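Residue-level listing of the chains:
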Amino acid sequence: MNAPAALTHLVPEVQQREVPAALLEALKKRFGDRCSTALAVREQHGRDESSFQAPPPAAVVFAESTQDVADAVRLASQHGTPVIPFGVGSSLEGHLLAVQGGISVDVQRMNKVLAVNAEDLTVTVQPGVTRKQVNDEIRSTGLFFPIDPGADASLGGMSATRASGTNAVRYGTMRENVLALEVVTASGEVIRTGTRAKKSSAGYDLTRLFVGSEGTLGVITEVTLRLYPIPEAISAATCSFPSIEAAVRTTIQVIQLGVPIARVELIDVNTVRMVNAHSKLNLREEPMLLMEFHGSPAGVKEQAETVQEIAAEFGGKAFEWAVTPEERTRLWTARHNAYFAAIQSRPGCRAISTDTCVPISRLADCLLDSVAEADASGIPYFLVGHVGDGNFHFGYLLDPDDPKERATAEDLNHKLVSRALALGGTCTGEHGVGLHKMGFLVDEAGAGAVDMMRTIKRALDPKNIMNPGKIFSL
């Protein structure tokens with residue numbers, strides 16, 4: 001388990017709000033044994049994959065329907081009590097923490113695929129459905145949902161954080177792939193945004209407002225998603241390079257030439273060693289690109305040959321192919337487990353991860369300077385990146401009992417994010433703002449834009465009960 005850290009050095013100090021006994025009694029009356037105040041249950045729902053620590057929520061409500069969510073929010077609103085939505089707990093920036101107290105609304109039991117419209121390439125699901133579950137249930141249609149953040153996250157949570165991942169270079173993020181939502185607002189009202197139509201010019205785009213709002217405007221209770229045909233041919237490959245710069249320059253050239261590559265992931269030599277040890281692989285211990293090509297057999301062959309030629313120009317060698325589904329699954333599972341491989345490499349450590357994203361032309365400028373700083377710091381780290389869209393992650397592995405290491409890691413993170421912003425990038429490519437990036441959001445968007453976000457928040461949530469204390473302070 002990633003050891004937690006205190007919040008005080010990262011975010012403004014906040015006051016826990018009292019949860020009235022009358023509210024707990026009302027929740028117990030409405031939900032019976034689906035409302036728990038047991039410490040173990042509350043602690044489970046008061047922790048995510050971040051390194052932060054906060055008191056657990058006062059109660060957990062296990063919702064099984066939209067009406068359950070609406071009733072829980074309505075009761076909380078009557079008492080001015082915070083509501084924190086909970087999916088599977090895989091977020092990385094403290095999104096699920098009850099920093100101002102309140103109740104957690106767990107939507108994991110809302111896990112039904114409601115409608116598959118294969119002829120329209122759409123599927124509608126409840127928020128507790130995970131990405132693996134939806135793909136298992138629609139496989140017979142010849143379609144798939146491509147957004148893959150690594151963890152088997154819930155689709156409600158992925159929508160709330162505007163998640164993306166390894167396939168984003170070709171298929172985009174949740175922003176492009178969520179067509180419509182059902183949302184319970186801060187007053188307990190149920191609204192719908194968007195339709196299954198491919199486009200619309202009808203009024204404000206409320207769907208995009210809620211996608212990425214991190215639970216601060218409402219609780220997502222239904223999601224309609226865009227689907228894609230399963231490619232006729234899929235092939236994955238690895239290629240080793242003499243340096244990170246060579247791997248990055250190859251990626252930039254591939255993207256700028258318009259090669260429709262589906263995935264291109266960078267892992268540095270530190271990460272290769274960690275993955276080899278954790279997943280029992282024998283990858284060459286050099287900087288490496290993991291790639292995947294989708295399309296017709298001829299198209300995949302042409303893409304792969306083009307990329308191989310570009311890689312050779314930058315010293316890439318040892319192109320190794322994973323053609324069978326089993327080989328590809330093993331390769332991508334190892335990549336997805338890089339975080340856990342890194343944690344295992346330093347027992348008892350804590351990881352602070354970053355997720356900046358820059359325009360593809362500035363990727364080398366941002367990444368190479370950040371690598372040099374991390375090397376000079378002496379702190380163990382791992383580096384992985386969805387470099388096809390300019391997004392990468394450093395994970396600094398810290399001794400939780402050494403405040404100097406924590407300070408050094410936060411300094412490295414600050415320099416990295418500042419560099420990305422200066423190059424026209426963002427402080428968070430896919431993890432979201434949560435707690436850790438609140439100050440950086442002001443740097444990126446400007447005080448005026450953040451004030452406008454506050455205005456929207458106050459208009460839609462006047463009592464500030466929807467996941468308060470995240471994205472910005474009020």
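Above this text sits the structure in question.
First things first, this report covers the structure right here in the doc. (Residues numbered from 1 in each chain as written. Predicted model: local features only at pLDDT ≥ 70, side-chain atom pairs only at ≥ 80, totals over all residues. Heavy atoms only, no water.)

Looking now at helix H10 (residues 269-279). Regarding H10, the residues found buried are Thr 271, Val 272, Met 274, Val 275, Asn 276 and Ser 279. On its buried side, H10 packs onto strand E13 (263-267), strand E14 (288-295), helix H12 (325-336), helix H13 (338-345), strand E17 (381-386) and strand E18 (391-398). Phi turns positive one or two residues past the end of H10, at Lys 280, with a value near 55°. (Buried < 20%, exposed > 50% of the residue type's maximum accessible area, 1.4 Å probe, protein only. Helix = DSSP H or I, 4+ residues; strand = E, 2+ residues; numbered from the N terminus. Contact = heavy atoms within 4.5 Å.)

This part takes up the packing of aromatic side chains. This structure, assessed with the given rule, holds nine aromatic pairs. The interplanar angle of 75° and the centroid separation of 6.4 Å between the aromatic rings of Tyr 339 and Phe 382 together place this pair among those described as edge-to-face. Of this pair, Tyr 339 sits in helix H13 while Phe 382 sits in strand E17; the two residues are 43 residues apart in sequence, bridging distant segments of the chain. Exposure remark for Tyr 339: the relative accessible area of 16% places this residue in the buried category. A residue is classified by how much of its surface remains accessible, and Phe 382, at 5% relative accessible area, is buried. Centre to centre, the rings of Phe 392 and Phe 394 are 6.0 Å apart; their planes meet at 80°, and the pair counts as edge-to-face. (Phe/Tyr/Trp six-rings, centres within 6.5 Å; stacked < 30°, edge-to-face > 60°.)

This part takes up the packing of helix H9 (residues 244-256) against helix H11 (residues 297-313). In the contact formed by H9 and H11, the axes pass within 9 Å of each other and the chain directions differ by 140°. With respect to H11, the axis of H9 lies oblique. Crossing angle aside, the handedness with which H9 passes H11 is right-handed. Contacts between H9 and H11 involve Thr 250, Gln 253 and Val 254 on the former and, on the latter, Val 307, Ile 310 and Ala 311. A per-class count over the contact of H9 with H11 returns four nonpolar, two polar and no charged. (Axes fitted to C-alpha atoms, helices over the stretch in contact; angles between N-to-C directions. Parallel < 35°, antiparallel > 145°, perpendicular 65-115°, else oblique. Left-handed = near helix turned anticlockwise from the far one by under 90°. Nonpolar A, V, L, I, M, F, W, Y, C, P; charged D, E, K, R; others polar.)

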